Every structure is written in C-alpha cells, then in structure tokens.
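Overview (structure and organization)
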Amino acid sequence: MEELQRDHLLRVGVISSTHGLRGEVKVYPTTDDPQRFRDLKTVILDEGSELITLKIKGVRFFKNMVIVGFEEFTDISQVERLRNCDLLIRRDQAVKLEPNENFIADLIGLTVITDEGKKFGILKDVMQTGANDVYVIDGSDGREYLFPAIPQCILNVDLEQETVTVHIMDGLLDL
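Residues numbered from 1 in each chain as written. Predicted model: local features only at pLDDT ≥ 70, side-chain atom pairs only at ≥ 80, totals over all residues. Heavy atoms only, no water.

Topic: the sheet that holds strand β11 (residues 154-158)
The following threshold applies: Here the rule is simple: two strands pair whenever DSSP picks up at least two bridges between them. Segments assigned H or I by DSSP are reported as helices when at least four residues long, segments assigned E as strands when at least two residues long, and all are numbered from the N terminus. Note on method: axes are straight lines fitted to C-alpha atoms, helices fitted across the in-contact stretch only, with angles between N-to-C directions ranging 0 to 180 degrees.
The strand order across the open sheet built from 6 strands is β10-β9-β8-β7-β12-β11, with neighbouring strands paired in mixed fashion. Both outer strands of the open sheet, β10 (144-148) and β11, are each paired with one neighbouring strand and no more. Each strand axis lies, on average, 35° off the axis of its neighbour in the sheet, ignoring direction. One ladder, built from 7 bridges, connects strand β8 (residues 119-128) with strand β9 (residues 133-139); its direction is antiparallel. Opposite M127, over in β9, you have V134 as the bridge partner.

In structure tokens, the structure reads:
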C-alpha cells in the first residue's frame, strides 16, 4: 500500500471523546455533510507521530456529533488516548466538487492579489456562515480583513498559481 502523506489528505472530523464501553468515539464532524460518514468504509487516524488506516464498523448520529465504531477497537481503554485526534480521508474518497468549488484546505495559504495586480495578503482561514463563506486574509499591512466569498468580491481562485484574485468593494476595508 502507498505511503500516506498528510498533504494528500482531508480532515472530516476530530475525535472529541469516548462513547460507551465498546471502543466507540464521538466525532465532531469538520465536513459540510456529516451524513457522509455513512458512506465511508475507512478513515485515517492522525495520531501525530503516525497515520493509521481504520475500518469503520458502525456510524450513528447524536445531536451535532457522529458516533463511530472501528473494527480495530473493542474496548474504551483502547480509544481513550485518541481524544483530539483528527480523522482524515484520501482525496479520492472526498465528495466531488461542483465547478468553482474548492476544499478549504486547498485555499489556506494562497496569495491574495487585487484585480489591479497588487499583492494584498495571504488567505489564512475560511469562515462558514449561513449565507456565504467569508475569507479571512492576513493583509500585507499587518491587519486582518474579512472578504465575503461572493462573485463580486472573489474574482478568481487559481490553485495552480496559488493565488486568489479579489476586487476590493467600496467600504470593505473600512470594517
């Protein structure tokens, strides 16, 4: 089997705690659609020092959490150490994106340039709000800026060139 590389993986959840005595864990989903856990056969556990592929044997939902059981664990003592560990998937397991959609992990760190060709800063985060996403940009001037991810503001995302082209709408920098 090919060696797993972290930069080819996407996070779908974080283990928050154990659940019950049979080795299940509560997972805080970091994916847009927590129901996708039903379709996953395997996930990759990031223990920091190593990546371990785990087989999913059961998935249930409780409030905003996903309760997951793995074939490799049958007892609470085996999973207590996994608190705060990420659950990852390979890119080929990811949902198919629509045109002009990107994974947040691919956007972080891109250089932000204005439609006038000037470097504006670095995209450091994407906040998911109800209406539209908001790009958090560390400006070249040391300030933090929030840009709504709308077509009038985010003109182009070029993953090959590692750039995001923005239009600075009137009043946007005054916030």
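Structure's up, so let's keep going.
What to know about a negative patch on the surface
Filter applied, for reference: Here a patch means residues that are over 30% exposed by relative accessible area and free of salt bridges, tied together within 9 Å if like-charged and within 5 Å if nonpolar (Val, Leu, Ile, Met, Phe, Trp, Tyr). Areas reported here follow the Shrake-Rupley algorithm with a probe of radius 1.4 Å; residue values treat only the protein chains shown as occluding. Any carboxyl oxygen of Asp or Glu within 4 Å of a side-chain nitrogen of Lys or Arg constitutes a salt bridge here. His is not counted here, nor are the chain ends, while Lys and Arg score as positive and Asp and Glu score as negative. Every charge is mapped onto a representative atom, which is NZ of Lys, CZ of Arg, CG of Asp or CD of Glu.
Judged by side-chain charge, D32, D33, D39, E98 and E101 come together as a negatively charged surface patch. Checked against the element boundaries, E101 lands in the loop between β6 (86-90) and α2 (104-107).

Looking at the packing of aromatic side chains
Here a ring pair, both rings aromatic, is described through the centre-centre distance and the interplanar angle of the planes. Heads up, the condition is: Stacked, tilted and edge-to-face are the three classes assigned to paired rings of Phe, Tyr and Trp, where Trp is represented by its six-membered ring and a pair needs centres within 6.5 Å; plane angles under 30 degrees give stacked, over 60 edge-to-face, the rest tilted. Burial status follows relative accessibility: with a 1.4 Å probe on protein chains alone, a residue under 20% of its type maximum counts as buried, one over 50% as exposed, and anything between as partly exposed.
Under the counting rule described, the total for this entry stands at 3 aromatic pairs. The interplanar angle of 55° and the centroid separation of 5.0 Å between the aromatic rings of F120 and Y145 together place this pair among those described as tilted. Here F120 is found in strand β8, whereas its partner Y145 is found in strand β10, with 25 residues between them in sequence. Its relative accessible area of 12% is what places F120 among the buried residues. A relative accessible area of 6% means that Y145 is categorised as buried. Following the ring pairs from residue to residue traces out a cluster consisting of F120, Y145 and F147.

Focus: the pattern of salt bridges
Under the defined criterion, the tally for this structure stands at 8 salt bridges. R11 is the partner of D86 in a salt bridge, and the nearest nitrogen-oxygen pair spans 3.6 Å. With D86 in strand β6 and R11 in strand β1 (residues 9-19), the pair connects residues that are 75 residues apart, well separated along the chain. A relative accessible area of 22% means that D86 is categorised as partly exposed. Measuring nitrogen to oxygen at the nearest pair gives 2.5 Å for the salt bridge that ties D106 to R91. Of this pair, D106 sits in helix α2 while R91 sits in the loop between β6 and α2; the two residues are 15 residues apart in sequence, bridging distant segments of the chain. Owing to a relative accessible area of 21%, D106 belongs among the partly exposed residues under this scheme. Salt bridges sharing common partners tie together K124, D138 and E144.

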